[in-house]
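Report on the structure
Listed below are the residues making up each chain.
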Amino acid sequence: MLRTLASLPAIAAIALALPALADDAELRATAKDFFETIPLNPPELNGNVMTRARVDLGAMLFFDPRLSRSNVFSCNSCHNVGMGGVDALETSIGHGWQKGPRNSPTVFNSVFNIAQFWDGRAADLAEQAKGPVQASVEMNNTPERVVETLRSMPGYVEAFAAAFPGEADPVSFENMARAIETFEATLITPNAPFDQFLLGDDAALDEQQKRGLAAFMDTGCIGCHSGINVGGQDYFPFGLVERPGGSVLPEGDRGRFTVTETASDDYVFRAAPLRNIALTAPYFHSGVVWNLEEAVEIMGVSQLGTELTPDQAADIAAFLHSLTGEQPEVPYPVLPERGPDTPLPDPM
C-alpha cells in the first residue's frame, strides 16, 4: 500500500497516541507494538528449499566473478559481506568502470524486505539475483553465457546436481538465482542490542539509546520504519513533506514510477531497512550523505516536516547504532576450476 501525503495525519496520530514512556518496561512494551526481533535462524523461502548443498552452491556463485562478462565483478563486489553487505561507495562501479545509478542496499536481512531494489522491482531475492548479472552497468552478462560458463566447469556441474537433485538439467540460469537466494537468506544479523532490549534486557541499551528509541517513535519515524527490518516493508515518496535538494534526490531518478508508470509513484522509493545502518554509509539511494546524524536530520524535515533538535538527532542516531546485529561469518569458498571450454573474459 502506497502512503502519500494522506499519511501525514496517520503518522501524527501515531506519535500523539504514544504514552509518556516513564520506564524501561513501558518503553519496551510500546516498542514491541512496532518492531520484531531478528530470528536466530533464517526464514523459510517461498518455493525454494534451503538445503546445505544449495546454500553452499549459492555461496560459490555469490563470490564468483566469472558470472560477469569481464570476470571482474561478483555479487560480493557490491554487497561485501565483510562491510555490512554494501560496498561503501556512493554508487557502485560495474562493467567498464561505469557508475551505477543508485547506492547498493545491504544484502544483510534483505530476505525480510517486502521486495528488492530501491524501487521494489524484484519480488524476491531469486528475481533480484538475475538483475545485476544482466545489467550492462553491472556484470554485463547474458543468461546463455552464464549457463555456458557454469556447464564448462565440472565442479559446478556436480554442485548443481547435488543442489537440485532429480532435475534433468539442473544447471540453469533460474537455478543459479535460486541458489544465490538461499545463500543470501542466511545473511541475517540477530542479537543486536535492540533485539536484546526487546527480549527483556534493560541494560542492552544505554540511556541515550533509550531516549533515541522514544524519540524515534514519538516523532513518527515508525510511520515508515517499523517491523522486523525497521523499514523495507512499504513505499513512500522521498520528500513526503518537503523535497530535499537535488544532490540528495536527483531529478532524473523517479523511483518506483519507472516500474509502475503510475503518477502517484513519482519519486517513491521503498523505505530503507535500518538494520545495521551504522555500518552502511553512505545513505539514501543517491548515496551522498555520509553522516548518520545528518541523514536523520534530513529525514526529519523531508518526511516528517520536523526540524529535529541536535540532541534529538544525536539520540536517534545513537538508537540506530543499537540495530547493528551479529555479523555473519562467511568463509570464502573454494571455487571450481575453469574447464577447457570455459569462455574467456571479455575486455572491460
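Structural notes, computed from the coordinates. Predicted, not measured: the structure shown is a model, and the values here were computed from it.

In terms of regular secondary structure, the chain is built from 13 helices and 4 strands. For the chain, the C-alpha radius of gyration of 21 Å lies close to 20 Å, the compact-globule estimate for 348 residues. In terms of principal-axis extent, the alpha carbons of the chain reach across some 70 × 45 × 30 Å. Excluding contacts between residues fewer than 6 apart, the proportion of contacts in the chain whose partners are at least 24 apart in sequence is 72%. Distance between charge centroids for the chain: 6 Å, based on 22 positive and 46 negative side chains.

Our focus in this paragraph is the nonpolar core. Within the largest apolar cluster, 40 residues are counted, with the highest numbers of intra-cluster contacts made by Phe35, Phe194, Leu213, Phe216, Phe284 and Leu320. Looking at this core, the elements with two or more residues in it are helix H2 (24–31), helix H9 (193–198), helix H10 (207–218), helix H12 (292–304) and helix H13 (310–321). Other than its neighbours up to four places away in sequence, phenylalanine 35 contacts Phe194, Leu198, Leu213, Phe216, Met217, Ile222, His225, Ser226, Gly227 and Val230. Listed in part, the 34 residues of the second largest apolar core include Leu67, Met139, Val171 and Met176.

Before going further, it helps to examine helix H8 (residues 173–185). Taking 1.5 Å of rise per residue, 13 residues should cover 18 Å, and H8 covers 19 Å from first to last C-alpha, within 8% of that figure. Burial within H8 is extensive, with 12 of its 13 residues counted as buried. Turning to H8, its buried residues are Phe173, Asn175, Met176, Ala177, Arg178, Ala179, Ile180, Glu181, Thr182, Phe183, Glu184 and Ala185. Here the buried face of H8 lies against helix H3 (52–63), helix H4 (75–78), helix H5 (125–134), helix H6 (143–151) and helix H7 (154–163).

Once that is clear, we can look at a nonpolar patch on the surface. There is a patch of nonpolar side chains on the surface, built from Val72, Trp97 and Met348 and spanning about 310 Å² of accessible area. Inspection of the secondary structure puts tryptophan 97 in the loop between strand S1 (93–94) and strand S2 (98–99).

Once that is clear, we can look at a negative patch on the surface. Side chains of Glu242, Glu293, Glu294, Glu297 and Glu307 sit close together on the surface and give a patch of like negative charge. Looking at where glutamate 242 falls in the secondary structure, it is placed in the loop between strand S3 (235–237) and helix H11 (257–260).

Criteria and thresholds
Residues numbered from 1 in each chain as written. Predicted model: local features only at pLDDT ≥ 70, side-chain atom pairs only at ≥ 80, totals over all residues. Heavy atoms only, no water. Helix = DSSP H or I, 4+ residues; strand = E, 2+ residues; numbered from the N terminus. Rg over C-alpha atoms; globule rule 2.2 N^0.38 Å. Contact = heavy atoms within 4.5 Å. Lys, Arg positive; Asp, Glu negative; His and termini not counted. Charge placed at Lys NZ, Arg CZ, Asp CG, Glu CD. Core = buried A, V, L, I, M, F, W, Y, C linked by side-chain atoms within 4.5 Å. Buried < 20%, exposed > 50% of the residue type's maximum accessible area, 1.4 Å probe, protein only. Expected span 1.5 Å × (residues − 1). Patch = residues over 30% accessible without salt bridge, like charges linked within 9 Å, V, L, I, M, F, W, Y side chains within 5 Å. Areas by Shrake-Rupley, 256 points an atom, 1.4 Å probe, with all protein chains shown as cover. Salt bridge = Lys/Arg side-chain N within 4 Å of Asp/Glu carboxyl O.

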